[in-house]
Structures are given as C-alpha cells and as structure tokens.
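One letter stands for each residue in the lines below.
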Amino acid sequence: MLITRIVLAFENFRQWLNATIAFGALNLLKLLPADPAIRYADRFARKIGPKMPRHKLMLYNLERAFPEKSEAERTEIALDSWGNMGRLAAEYVFLDRLFDFDPEQEKPGRVEVVGTETFLELRDNPRPFIVFTAHSGNFELLPVAGSAFGLDVTVLFRPPNNPYVAKRIFDFRKERMGNLVPSHAGSSFALARQLEKGGGIGVLVDQKFRRGLPTKFFGNDVLTNPLVAKLVRQFGCDVFPARCVRLPDNRYRLEIEPKVEIPLNEKGSVDVQKTAQLLNDKVESWVREYPGQWLWYHDRWHIKRHLKD
C-alpha cells in the first residue's frame, strides 16, 4: 500500500509539473504581441517536433495516406503539421484577441466566415442540428464562432489525459464556447438531451474509436464512431460540415458548408454504416486540400502497435 501511494503521488506530481511547465511557457508568450508569439511557436514546434516519439507515427501515417508522394514531400507535411500544433497552442493564449469577426458588420478582420447565411438561418429558425469538424487548422475557433452568432450549441470534446491540463483547458473553453460535454461513457445522453430540446451539437469526427464501425480513411481500414449517425437516426436532424482553414499572416477562414444528404437504407431509415463513411470522406477531402493543417500525430488508424515491431 505504501509503495502504491508513493507511485501515485509521484505520478500526480509529474502531471502537475508537466502542466505547470506547459502553461508557464504559454504565459511567457502573453508578454509578446499575438503575431510574433504565434510565429515563434510555429518555428519552435518545427524544431522540437521531429525529435519527439510521435514524429515516427506521423511519418508512418503520411506514408499510408500519401504513398504517391515522395519522402521529402511527406516530411514537409509533417513539419507543417508540427508548426500547426505550435500555433494552436499559442493561439489559446490570444483566442479572445484573434476572434474579431462580428456577424453584424462587414468590415474584414483576422477571421472571415464562409456560410454566414447558414449560421443566421440556424439562429433564426431554431431546431436540432449537428455540426461536425476535424482537427484541422484552429478548430477551436468554430465553437467560438457559433457562440458569436448566438447559437445554442453543445460541444463534445475529449479532455487531455493530464487532469491539470484538462481543468485549465476546460475552464478556458467554457468561458468562450458555451456548453461543453467531456467525452465519456454518458456523453451521448447529454448530446441527445441537447437535440431533444431543440439545440445543436458540435462533434469532432476524426478521432480514434476502438469500438467503431469498420470504414475507410485514405483507403486504409479505420474504425469510426457511429454516434453522429445514430443521433441523426433518432432525431432526424440536419448535419453540417464545418472547418477552419489557416490563411497567410495569421488569418483564418471558418467555413460551414450546406447540409449533407444522409444515406438511407432499403427500409428508409438512416444507414449508419454509410453515414460514418460519408463523414470520413468529407474529412479526407479537407485533409487532402490542406494536409499540413491536420494533426497527423493522432493514431487514427490504431497503428502504434505496428511501430513497435
């Protein structure tokens, strides 16, 4: 028992220390103007990223996704992805300053929105809806945009494993993104209640899911969470793809696309399998367009075990 308590105490201290160092570094960035700080984070991540264990996984993922590309091309995408992650971390510090879009004004700013008519239509004609996105660009700006448009959206998110980091990020998100639901065993019921009362939900659909449906992503076998398809089948709600695209000079384009046509089976109900594949196909099209803006370090294909061989 004593040894167990010592081990747990050491692990708790390690997690606290890691969180303290991480947020200490981010707080130092706050001493700089936003643009230089974000550019510095990009350069730092490009240097340190290839030295991390996950870099090998990134290159393996890229080889599976883009076998037609050269090794140099895939390495360049990996570096862009590390830079994107560095920017994403720094942008947490400046998120309030970065999001300058005002739905009531046409003055161009750092953030531009494509599909404002969809946001406004959902706001003015409240009903259950689902917005899905991927870990591309600064995906955190999408729920901020929904809040700015006055939409009642509950966002499903997966908290980091480090409890100290998770709490800080949750508190930060809650102030800026409205309702949040951590991903756990009962999260689907919370999302269902939101749809049942006529609200909307936001979901990331490109995460690894061990008990998912067998589908394809970049031509490779992958398991996909059936949650979105099952909620659509239950509530008959519209589904909208949305993404964030990084633009030059630390600018961003948020896009919400027209609703997708949900596949039906021979009985006329939602085809859960085909709907899961539809989500993958949409995300794949986004990633192919801007491959360096996706987080390739995710073990989306559950292949880490192969790298140990």
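Quick note: structure is the one above.
Residues numbered from 1 in each chain as written. Predicted model: local features only at pLDDT ≥ 70, side-chain atom pairs only at ≥ 80, totals over all residues. Heavy atoms only, no water.

J.: What should I look at first to understand the overall build of the protein in this one?
T.: When its secondary structure is counted, the protein shows 11 helices and 9 strands. Expressed as a percentage of its 309 residues, the buried residues of the protein come to 50%. Nonlocal contacts in the protein, meaning residues at least 24 apart in sequence, comprise 76% of its contacts between residues at least 6 apart. For the protein, the exposed surface amounts to about 16,300 Å²; the carbon and sulfur share of it is 56%. (Helix = DSSP H or I, 4+ residues; strand = E, 2+ residues; numbered from the N terminus. Buried < 20%, exposed > 50% of the residue type's maximum accessible area, 1.4 Å probe, protein only. Contact = heavy atoms within 4.5 Å. Areas by Shrake-Rupley, 256 points an atom, 1.4 Å probe, with all protein chains shown as cover.)

J.: I'm lost on the packing of helix α8 (residues 187-196) against helix α9 (residues 227-235) in this one. Help?
T.: Between two packed helices, both the angle of their axes relative to each other and the distance between the axes serve to describe the pair. Here α8 crosses α9 at 35°, and the two axes come no closer than 11 Å. Judged by the twist between their axes, the crossing of α8 over α9 is right-handed. Mapping the contact onto sequence places Ser188, Leu191, Ala192, Leu195 and Glu196 in α8 and Leu227, Leu231 and Phe235 in α9. Residue classes in the contact of α8 with α9 are distributed as 6 nonpolar, 1 polar and 1 charged. (Axes fitted to C-alpha atoms, helices over the stretch in contact; angles between N-to-C directions. Left-handed = near helix turned anticlockwise from the far one by under 90°. Nonpolar A, V, L, I, M, F, W, Y, C, P; charged D, E, K, R; others polar.)

J.: In this structure, what is going on with the nonpolar core? I would like to understand it.
T.: Grouped together as the largest cluster of nonpolar side chains are 45 residues, with contacts concentrated most on Ile130, Phe218, Leu231, Val232, Trp296 and Trp301. Elements that contribute at least two residues to this core include exactly α3 (54-65), α4 (71-98), β2 (129-133), α8, β5 (200-204), α9 and α10 (272-289). The greatest single-element share of this core, amounting to 5 residues, is contributed by α4. Ignoring any residue separated from it by four or fewer positions in sequence, one finds Trp301 in contact with Asn61, Arg64, Ala65, Phe217, Phe218, Asn220, Asp221, Val222 and Trp296. (Core = buried A, V, L, I, M, F, W, Y, C linked by side-chain atoms within 4.5 Å.)

J.: Can you help me understand a positive patch on the surface in this one?
T.: Judged by side-chain charge, Arg39, Arg43, Lys47 and Lys51 come together as a positively charged surface patch. Relative to the helices and strands, Arg43 is located in helix α2 (residues 34-48). (Patch = residues over 30% accessible without salt bridge, like charges linked within 9 Å, V, L, I, M, F, W, Y side chains within 5 Å. Salt bridge = Lys/Arg side-chain N within 4 Å of Asp/Glu carboxyl O. Lys, Arg positive; Asp, Glu negative; His and termini not counted. Charge placed at Lys NZ, Arg CZ, Asp CG, Glu CD.)

J.: Looking at this structure, I do not really get the packing of aromatic side chains. What am I missing?
T.: Aromatic ring pairs are defined here through the distance separating the ring centres and the angle between the ring planes. All chains considered together, the criterion is met by 13 aromatic pairs. Both rings, one in Trp296 and one in Trp301, keep their centres 6.5 Å apart while their planes meet at 20°; by these two values the pair is stacked. Judged on exposure class, the residue Trp296 and its partner Trp301 are both buried. What links up through ring pairs into an aromatic cluster is the set Phe66, Phe217, Phe218, Trp294, Trp296 and Trp301. A cation sits over an aromatic face here: Lys69 above Phe66, 5.2 Å from the ring centre. Positioned above the aromatic ring of Phe217, the side-chain terminus of Arg300 is 5.7 Å from the ring centre. (Phe/Tyr/Trp six-rings, centres within 6.5 Å; stacked < 30°, edge-to-face > 60°. Lys NZ or Arg CZ within 6 Å of the ring centre and 35° of its normal.)

J.: Sorry if this is basic, but what is going on with the pattern of salt bridges here?
T.: For side chains of opposite charge, pairing can occur when their charged atoms come near one another. Evaluated as defined, the whole model comprises 17 salt bridges. Among the salt bridges present, the one from Arg110 reaches Asp35, with a minimum N-O distance of 2.9 Å. Here the residue Arg110 occupies a position in the loop between α4 and β1 (111-114), and Asp35 occupies one in helix α2, the gap between them amounting to 75 residues. Look at Asp35 and you get partly exposed, because its relative accessible area is 24%. In this structure, Glu255 engages Arg243 in a salt bridge whose closest nitrogen and oxygen atoms are separated by 2.8 Å.

J.: Hey, could you run me through unusual backbone geometry in this one?
T.: Glycine aside, negative phi is the norm for most residues, and most peptide bonds take the trans geometry. A positive phi is found at Phe218, a non-glycine position, where the angle reads about 55°. For Phe218, the position within the fold is in the loop between β6 (213-217) and β7 (220-224). Exposure remark for Phe218: the relative accessible area of 6% places this residue in the buried category. Here the phi dihedral of Asp249 falls at roughly 65°; this positive angle occurs in a residue that is not glycine. Note that Asp249 resides in the loop between β8 (238-247) and β9 (251-256).

J.: Could you clarify how one ought to interpret the side chain of Asn84 in this entry?
T.: As for its position among the elements, Asn84 is in helix α4. Only 2.5 Å separates the side chain of Asn84 from the side chain of Arg246, close enough to count as a polar contact. Dropping the residues within four chain positions of it, Asn84 is found in contact with Gly137, Arg246, Gly292, Gln293 and Leu295. (Polar contact = N/O pair within 3.5 Å; in protein donor to acceptor, adjacent residues only side chain to side chain.)

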